[in-house]
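# What the coordinates show
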Amino acid sequence: MEINKTINSDNVDLMINMGPQHPSTHGVFRLLLNIDGERIIDVKPHIGYLHRGSEKLCENERYAQVVTLFDRLDYVANLNMELGFCLAVESLMELDIPDRASYIRVILCELNRIASHLLFYGTYGLDVGAMTPVLYAFREREKIQGFFESITGARMMHNYFRIGGIKEELPDDFNNRLSLLLDEVSQGIEECDMLLSKNEMFLARTKNVGIISASDAVDFGVSGPNLRASGIARDIRVSKPYSIYDRFDYGIPVASSGDCWDRYYVRLEEIRQSIKIIKQAMSQMEDGPILAKVRRIARPPKGEIYFRTESPRGDFGVYLVSDGSDKPYRVKVRAPSFANLQSLQYLLKGAYIADAVTILGSIDIIMGEVDR
Amino acid sequence: MIGFLTGLFVTMKTGFRRPVTAQYPDPEKRIKVENRFMGFPSLTWDYDVEEPYCTGCMVCVRECPTECMTAKMKDNPLFSEGKSRRKKIIDEFEINLGRCILCGICVEVCNFDAIEMSHEHELSKRVRNGNRFGLQQLLKLGIKFQSNTNWQPKQPEKNSGVPVKKVDEE
Amino acid sequence: MENQKTNNKESKEDSDILVSTPEQDELISLLTKRFPSVPDININHLQEDIELIIESKNIKSTCRLLKDSSELNFNYLECISLVDYEEKLEAVYHLTSFKLKQSLVIKTSISVENPEIDSVIDIWRAADWFEREAHDLFGVTFLGHPNLEPLLLFEGFEGYPGRKNFPINDYKEW
Ligand code: SF4
Ligand code: SF4
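Each value, and the rule that gives it
Residues numbered from 1 in each chain as written. Chains lettered and ligands numbered in written order. Predicted model: local features only at pLDDT ≥ 70, side-chain atom pairs only at ≥ 80, totals over all residues. Heavy atoms only, no water. Helix = DSSP H or I, 4+ residues; strand = E, 2+ residues; numbered from the N terminus. Rg over C-alpha atoms; globule rule 2.2 N^0.38 Å. Buried < 20%, exposed > 50% of the residue type's maximum accessible area, 1.4 Å probe, protein only. Contact = heavy atoms within 4.5 Å. Areas by Shrake-Rupley, 256 points an atom, 1.4 Å probe, with all protein chains shown as cover. Disulfide = S-S within 2.5 Å. Axes fitted to C-alpha atoms, helices over the stretch in contact; angles between N-to-C directions. Parallel < 35°, antiparallel > 145°, perpendicular 65-115°, else oblique. Nonpolar A, V, L, I, M, F, W, Y, C, P; charged D, E, K, R; others polar. Pairing = 2+ DSSP bridges. Near = heavy atom within 4 Å. Expected span 1.5 Å × (residues − 1).

### Some remarks on the overall build of chain B
In terms of regular secondary structure, chain B is built from seven helices and seven strands. For chain B, the succession of helices and strands along the chain, N to C, is α-β-β-β-α-β-α-β-α-β-β-α-α-α. Expected size for 170 residues packed as a compact globule is a radius of gyration near 15 Å; at 23 Å, chain B overshoots this value by more than 25%. The C-alpha extent of chain B, read off along each of the three principal axes, is 85 × 40 × 25 Å.

### Focus: the overall build of chain C
Tallying secondary structure elements over chain C gives four helices and seven strands in all. Starting at the N terminus and ending at the C terminus, chain C contains elements arranged as α-α-β-β-α-β-β-β-β-α-β. Counting over 174 residues, chain C shows a buried share of 48%. Long-range pairs, those at least 24 residues apart, make up 51% of the contacts in chain C with a sequence separation of at least 6. Summed over all atoms, the accessible surface of chain C reaches about 8,200 Å², with 49% contributed by carbon and sulfur.

### Topic: the state of the cysteines
Here a disulfide denotes a covalent bond joining the sulfur atom of one cysteine to the sulfur atom of another. Evaluated as defined, the whole model comprises zero disulfides over all chains. The thiol of C:Cys63 is unpaired, and the distance to the nearest cysteine sulfur, on C:Cys79, comes to 14 Å.

### Observations concerning the packing of helix α6 (residues 174–196) of chain A against helix α1 (residues 2–15) of chain B
Close contact between α6(A) and α1(B) brings their axes to 6 Å; oriented N to C, the two are set at 135 degrees. Relative to α1(B), the element α6(A) lies oblique. Contact residues: α6(A) offers A:Glu191, A:Met194 and A:Leu195, while α1(B) offers B:Gly3, B:Thr6, B:Gly7, B:Phe9, B:Val10, B:Thr11 and B:Lys13. Tallied by class, the residues present in the contact of α6(A) with α1(B) amount to four nonpolar, four polar and two charged.

### Side note on the pairing of strand β5 (residues 102–111) of chain C
All names here are of chain C. Buried residues dominate β5, accounting for eight of its 10 residues. As defined by bridge partners, strand β2 (residues 50–53) adjoins β5 across four bridges and the pair is classed as parallel. Residue Glu51 lies in a different strand from β5, and its bridge partner there is Val105. Bridging between strand β4 (residues 88–97) and β5 involves 10 bridges; their strand directions are antiparallel. Residue pairing across strands places His94 opposite Val105, the latter belonging to β5. Hairpin connection of β4 to β5: four residues between the antiparallel strands, including Lys101 at a positive phi of 55 degrees.

### Some details on the sheet that holds strand β4 (residues 69–75) of chain B
Residue and element names in this part refer to chain B. With respect to topology, three strands assemble into an open sheet ordered β4-β5-β7, the strand pairing being antiparallel. Strands with a single pairing partner mark the edges of an open sheet, and in this sheet they are β4 and β7 (132–133). Summarising the sheet, strand β5 (residues 88–96) and β7 pair through two bridges and their orientation is antiparallel. From the neighbouring strand, Ile95 faces β7, where its bridge partner is Phe133.

### Digging into the site of ligand 1
Taken together, the residues surrounding ligand 1 are B:Cys54, B:Thr55, B:Gly56, B:Cys57, B:Met58, B:Val59, B:Cys60, B:Cys110, B:Phe112, B:Ala114 and B:Ile115. Of the residues in the shell around ligand 1, the class split is nine nonpolar, two polar and no charged.

### Let's talk about helix α4 (residues 127–138) of chain C
Residues and elements named next belong to chain C. Here α4 contains 12 residues, and its C-alpha end-to-end distance of 16 Å stays within 8% of the 16 Å for a straight helix at 1.5 Å per residue. The buried fraction of α4 is high, at 11 of 12 residues. Looking only at α4, the buried set comprises Ala127, Asp128, Trp129, Phe130, Glu131, Arg132, Glu133, Ala134, Asp136, Leu137 and Phe138. Phi for Gly139, located one or two positions after α4, is positive at around 70 degrees.

Structural data, given as structure tokens:
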């Protein structure tokens, strides 16, 4: 931390530079805090340290290659990102995806949602000063990543979804391993829940801290679990079902007060719902082809589409303009963290400096997606 | 107080479990990689005719999203001697593994079973371009991978280099 | 571009690919009722969302109407995207109404020579960073935006990397 003292005529303001290399900023994110004693008066977030120009790069890659770029947007929920892009291209091409491929996609995406929320759970514990939860969360997350490795060949940058389906058939022991994994993970979640949720110190740090009211949340463009924690039940999987999400029966956890604890607990609850979806998908899945009949080099017709999917962090939109060639004309990514993060500058005003970390952690940002 | 105690109870319970930690640098105590693990790409070796599978067709070079490969083909000397079915063979091949993003697209597009994602994932070097692997190094990676996993080509008839003897058929 | 787009639309209507749902019809009727006064409005439905093509000078009044009218109530700004069509820039606003459970696309073109458009930040605060990003990458000035400092790029960056004429630097092997 770098401290800057500016002396005004009547009061002394401290300007604190938090980040970009700060353990609680979840990546390279810098906050310029103007403080008066313990209170934050003014906030200036600085992003862009991770800006790689993904959108521009997409314009120079063929559609199949763009999937690898999408992997690197939200690097905690890679498969959800791939799904968003693949679905956008597919609906532009009006492709029918084989059922089996859709089921596999849904199973993997929900697993990835669990992994992503587990990461949130662990790091959020760390943010508020609890060392233990991160070990429990990573133990469970590790199992999911190992499972991904056995299917896609990679632990994070999978490049597994293709335009029209998926890359290869599942390994033989998929079903056994998955049901074992689900049992272990659901047990692990209960443990995580017991460990932290009702802890008095945790409650004191997070209850009634960083409240976003429903109307503010909508105004700031907040989405995903953060919006649901404020009491608005909006989930694209339900309100505008994509892929095959309309075939499952699951709930959308909604909280009411919009404080940090609600944002935390909504995510924990979402893990349980995801497990429910995966179980249903497993029982409904049948054998069949895994790739639609597509030419190897995809050429969507001229046109454009804005495709919304629900990533673990919120509304993930892909605005795709095609000019009929084998490369996209323009790709714009509506990154949920980007919109969620801009509410921070309003949220932090008037909060205590110790709560800055709590609030930032509860928004659950991934800088790879914010900066693109 | 109760929430605090339940938390402690969970921690206590874990004390009686077997540890799940793997010791990374210790080769025996690591987590094993899965069969499908995608490490750095490597070129496979055709033991039947003692030459690489790769014909230098450049498909992978064109499809690679990071443009980290170069390839050059030449006429196959073994073909003119009648020992191989491959007319052309790879002459120079280079992958800058420092730039490779391990996406596996090259493996997917190769029609000759010539490139595979090996299980190698530890290639730290002291110089920035120390991971520019040439043909020999890539083949070495591939041979190691082949012997470790008992690799077989996916389309053995089509891609085998063993020349078809027309005389025998007649 | 403009011609092609209208052609596209006609051909789609000819072949009856687009079948609008009853909710969309309702939204269209609401929109046509709401916007008789604003000139140059063009309702077009392409793909899934209904598209509203307006002139860039009307952006603020249109957005204000869309948000404030009680039956439409487009209170959620999803995204502001810019597309560079070389001869013009196009700003695309994606809105959602939680009340109608409908989405709407507003499109307006901005000239390349004088890239200026009114900011919508006092209608939706969500527009803040989206506009700053667009200013960074495309050089569009959003009139009325309180703070158009560079967001993604560093201070003093030359050029607008989002535009088509910005070169992608070829990578050199070490
Ligand atoms: S690895 Fe395969 S695709 Fe690449 S040059 Fe060799 S034969 Fe062609
Ligand atoms: S794995 Fe991907 S990045 Fe690496 S060489 Fe193959 S195609 Fe290129």
